[in-house]
Amino acid sequence: MDFNAIERKWQERWDKEGTFKTDVWDFSKPKYYVLDMFPYPSGQGLHVGHPEGYTATDIVARMKRMQGYNVLHPMGFDAFGLPAEQYAIRTGNHPGGFTEKNIANYIRQLKMLGFSFDWDRTISTADPKFYKWTQWWFEELYKDGLAKYTETSVNWCEGLGTVLANDEIVDGKSERGGFPVVKRKMKQWVIDTPKYAERLLDGLNEVDWPNSTKEIQRNWIGKSQGAVIKFEIYGSDKTFEVYTTRADTLFGLSYCVLAPEHKLVNEITSKEQKLAVEKYIEECAKKSDLERTSLNKEKTGVFTGSYAINPVDGRKVPIYIGDYVLASYATGAVMGVPAHDERDFAFAKKHNLPIYPIIEGGTEDTCFTGSGKHINSDFLNGLDNKQAIAKMIEWLEENKKGHGTTIYKLRDWTFSRQRYWGEPIPAVHMEDGSVKLVEKLPLTLPEMKEYKGKNGLPPLENAGEWTNVTINGKKGKRDTNTMPGSAGSSWYYLRYLDPNNDKAMADPELIRHWMPVDLYVGGYEHAVGHLLYARFLNNYLYDKGIVPVKEPFKKLFHQGMILGENSEKMSKSRGNVVNPDDLVRDYGADALRMYEMFMGALEDSKPWNTTGIEGIRKYLDRVWRIYTESGKIKDNENKNLEKVYHQTVKKVAADYENLDFNTAISQMMIFTNAVMKEEVFPKEYAIGFLKLLNPVAPFMTEELWEKVFGNKKTIAYEPWPTYDEEKTKDNEVELVVQVNSKIVSRIVAEANAENESVLKLAKSDSKVSELISGKTIVKEIVVPNRLVNLIVK
RNA sequence: GCCGAUGUGGCGGAAUGGCAGACGCACGGGACUUAAAAUCCCGAGGUGGCAACACCGUGUGGGUUCGACUCCCACCAUCGGCACCA
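Our subject in this report is the structure included herewith. Every chain is numbered independently, its residues counted from 1 as its sequence is written. A letter from A marks each chain and a number from 1 marks each ligand, given out in the order of writing. Where local features are concerned, this predicted model is filtered to residues with pLDDT of at least 70; where side-chain atom pairs are given and counted, the filter is 80 or more; whole-chain, interface and lining totals use all residues. Only hydrogens and water are removed before side-chain values are computed, so all heavy atoms of the structure are retained for them.

**Here we look at the sheet that holds strand E26 (residues 732-739)**
Here comes step 1: Any two strands with at least two DSSP bridges between them are considered paired. Under the DSSP-based scheme used, a helix requires at least four consecutive residues in state H or I and a strand at least two consecutive residues in state E, with every element numbered from the N terminus. Taking strand neighbours across the sheet as the criterion, the four strands line up as E27-E26-E29-E28 in an open arrangement whose pairing is mixed. Lying at the two open borders of the sheet, with one neighbouring strand each, are strand E27 (742-750) and strand E28 (777-783). Ignoring which end each strand starts from, the neighbouring axes of this sheet average 20° apart.
Here comes step 2: With eight bridges joining them, E26 and E27 adopt antiparallel strand pairing. Note on E27: the bridge partner recorded for valine 736 is arginine 746. In this description, a line fitted to the C-alpha atoms serves as the axis of each element, helices being fitted only across the stretch in contact, and the angle between N-to-C directions of two axes falls anywhere from 0 to 180 degrees.

In structure tokens form, the structure reads like this:
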């Protein structure tokens, strides 16, 4: 069988006949929206990991079509990104051309692999028709006060010459390139995602997502309940606030620490300490995040010369600055209770500060973080931690010294990138310092002679006239930053519904009909970045009445990684990369799809094995021969195959639905193994099985559908086979008989027989009766159709 | 350190609390062939035994249960996430 020729034939046929075009306005059938995370079109083309997730969704899409759903199964390209920009810098060519070429190659490969995408709806985030609407929602966020242009402390990456968001940093280095990242103050566009923190947390309870992903998002949002406590400064009218989850330990206070960047530091530093404090601040500023965290476990700090007054007992305690306190979290100041907090303990030890135990179990020279009764704590004495926290917050609120509060770790979404190849931020900075939005969208990227930024400034600074704008006679300058990669990917799933609409993101009626996405499959690495931003934006669009649901992705699944044959991550340097083009040439797309689905559970990482795909190729050849050469397919019945056929129809559909493709394929193999033993393969079963196999191996099954059964129309919309539950079961079943939980025999009984008769049968078995004779039966256990267990003494 | 996941033959992996190892790969034997490949049939967790069969066996140690890969507790290992978040 010439699988290459067959696959080519059907690719062309599907293309020509528009087999997989979706009429999104056909509301007569139930909808099913099945989506893949769209790829960045790199110069290398697809790697074998891509077809894994794409085959999974394609199988579901194909089955759902046959089950009568109107299926939307689109594909597009996350086309802005660093490699294209670096290519442009290197060659002087526009990154757009490079990107388009890569997209064309991706489309070729995706068609080659037989994915049933509707190619009329494909999108590219770098297309002005698309990013017009990325810019549009940015402007809406600005109007609603959620996008802000402010001076903030940002993650600056010198190596990339740009600012990065928290999720783009791994171990204090940039995710791309691994360059060091430092904190820097810059005027930046940021989006107020923390405003949605609570809702983003709540929404996780509504969605069918992997637990671990939900947990990662919960940790990232980082909800914390505690109290803000207000401290007065001795001999001054200034105050500052600390945040603590352990308000109950206020009686154990021995000092306070402000972050080095805290705005009060200058004002409260005494003359004597000024030099030391300034030196310390300077040292901190120079350190990267990495140095400040991992290399600096020692709790450094400097005394400011000022004292705070403990609001609950009036005692004076010294105020320090120390970089273990983060300016960006909560109030940027903490209270030091060394007796009951490990970090405070380490700090106190280093700086010779007193330790006041206030919970039973604590001492003056240890750190006790457990629970216990409070002591030396006035009105808290005798209470446990939980009661004491509540009581203290009550006291603080009554005395106006503080209040209970909830805070989140989730930070603003840093939205400016100092790059060329991204969506231009549609804002103009006027001479008077105000910001005006660009009214006519899209604001397209200008052509450039030079794509590299100069002197640490964004490349668009060199765009000449493009940057200068006059609005109502007043001069201004365009924002020269571009948006992050996560901007376009935060809403692309809406655009597939209506990719050419120039009046809206998509027609409101279509959004109402098609959202949410029913199944979304993509890599685990997006567990926070993309998946959190998309949820944020969707929630926002929900508030604006644009989207009918808060959560955009009802069911989410992460495919695992395909490792090299040596169980290591595939990489050029390890020399263990396998290429989809080669595999399709040698084994066919059907075999590649089927093998990747058969390797193991979709979510697991699993090593590539060349003999494995050879085995699948042989299996497909065997199926081909059964249909074309065996002469077994006849109109006759064959009772021998009845049960296994109905079981197979049942199991395959259920497994596809649950994305358990490996066991679905096993079941299909069990079925064909049974067919191999028979002389007659009833035509009804042959057709049914072909339909079951079609989602996995679409090319070969289309060919057999035409060649063997003489059909002129595609199999893609043929009704999905049904099964008869009764016929999946045996009339007779074999039961295991145990005596004292040890298997001693097997009996054959009628299916669903009464327990009484099964027991009788079991006891009459010769081996069993031998073992139980002369003994007392203490207990009789019958598991219907499975087992009998007799406990004897 | 905290959170999450995983641990089963030579390998990839199956098993609503009920026959562990389905299905496949690799392997061994056989048929076909002058021969090889392909194909088809058969075998196979480990140990002992000619064999029937016996014993052992799902990371380790306990527990619940008539019965545990499955549930509970503790521990070990691997992977992923967060990490001075007060």
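**Some thoughts on the sheet that holds strand E4 (residues 162-164)**
Here comes step 1: Ordered by their spatial adjacency, four strands build an open sheet running E4-E3-E7-E15, and the pairing between neighbours is antiparallel. A strand with exactly one partner marks an edge of an open sheet, and here the two such strands are E4 and strand E15 (413-414).
Here comes step 2: By the convention used here, residues are in contact when the closest approach between their heavy atoms is within 4.5 Å. Contacts between helix H5 (residues 128-143) and the sheet are confined to strand E3 (147-157), strand E7 (181-191) and E15, with E7 contributing the most and set at about 85° to the helix.

**With respect to the pattern of salt bridges**
Here comes step 1: Throughout this description, the term salt bridge denotes a Lys or Arg side-chain nitrogen within 4 Å of a carboxyl oxygen of Asp or Glu. A full pass over the atoms with the stated rule returns 41 salt bridges.
Here comes step 2: A salt bridge links lysine 554 to aspartate 518, with the nearest nitrogen and oxygen atoms 3.6 Å apart. Residue lysine 554 is located in the loop between helix H16 (529-543) and strand E21 (556-557), and its partner aspartate 518 is located in the loop between helix H15 (508-514) and strand E20 (519-521); the two are separated by 36 residues in the primary sequence.
Here comes step 3: Between lysine 763 and glutamate 780 there is a salt bridge, with the nearest N and O atoms lying 2.7 Å from each other.

**Thoughts on helix H3 (residues 82-91)**
Since the α-helix packs 3.6 residues into each turn, any two residues three or four apart lie on the same face.
Here comes step 1: Only protein chains enter the area calculation, which uses a 1.4 Å probe; residues under 20% of their type maximum are buried, those over 50% are exposed, and those in between are partly exposed. Along H3, the residues that are buried comprise Leu82, Ala84, Glu85, Tyr87 and Ala88.
Here comes step 2: Along its buried surface, H3 packs onto helix H4 (95-112).
Here comes step 3: Directly after H3, the chain includes glycine 92, whose backbone phi takes a positive value near 80°.

**Some words on the packing of aromatic side chains**
Here comes step 1: Each pair of aromatic rings taken from Phe, Tyr and Trp, with Trp reduced to its six-membered ring, is defined by centres within 6.5 Å and is described as stacked if the planes are under 30 degrees apart, edge-to-face if over 60, and tilted in the remaining cases. Across all of its chains, the model carries 51 aromatic pairs by this definition.
Here comes step 2: Ring centres of tyrosine 32 and tyrosine 69 lie 5.9 Å apart, and the angle between their planes is 70°; on these two criteria the pair is classed as edge-to-face. A residue pair is termed long-range when its members are at least 10 positions apart, and tyrosine 32 in strand E1 (residues 31-36) and tyrosine 69 in the loop between helix H2 (49-66) and strand E2 (70-72) qualify at 37 residues.
Here comes step 3: By relative accessible area, tyrosine 69 is classed as partly exposed at 25%.
Here comes step 4: Among the aromatic residues, those joined into a cluster by ring pairs are Trp137, Phe138, Tyr142, Tyr149, Trp189, Tyr196, Trp413, Phe415, Tyr533 and Phe536.
Here comes step 5: Throughout this description, the term charge over a ring refers to an Arg CZ or Lys NZ atom that lies within 6 Å of the ring centre and within 35 degrees of the ring normal. Over the aromatic face of tyrosine 356 sits the side chain of arginine 315, whose NZ or CZ is 4.9 Å from the ring centroid.
Here comes step 6: Over the ring of tyrosine 307 we find lysine 316, and its NZ or CZ is 4.9 Å from the ring centre.

**Structural notes on unusual backbone geometry**
Here comes step 1: Omega for the bond connecting leucine 441 with proline 442 falls within 30 degrees of zero, at 0°, which places this linkage in the cis form.
Here comes step 2: Omega for the bond connecting methionine 515 with proline 516 falls within 30 degrees of zero, at 5°, which places this linkage in the cis form.
Here comes step 3: Looking at the element boundaries, proline 516 is found in the loop between H15 and E20.
Here comes step 4: Despite not being glycine, alanine 330 has its phi angle at roughly 55°, a positive value.
Here comes step 5: Relative to the elements of secondary structure, alanine 330 occurs in the loop between strand E12 (316-321) and strand E13 (333-336).
Here comes step 6: Positive phi, close to 50°, is recorded for asparagine 740, a residue that is not glycine.
Here comes step 7: Turning to its location among the elements, asparagine 740 is positioned in the loop between E26 and E27.
Here comes step 8: Judged by its relative accessible area of 38%, asparagine 740 is partly exposed.

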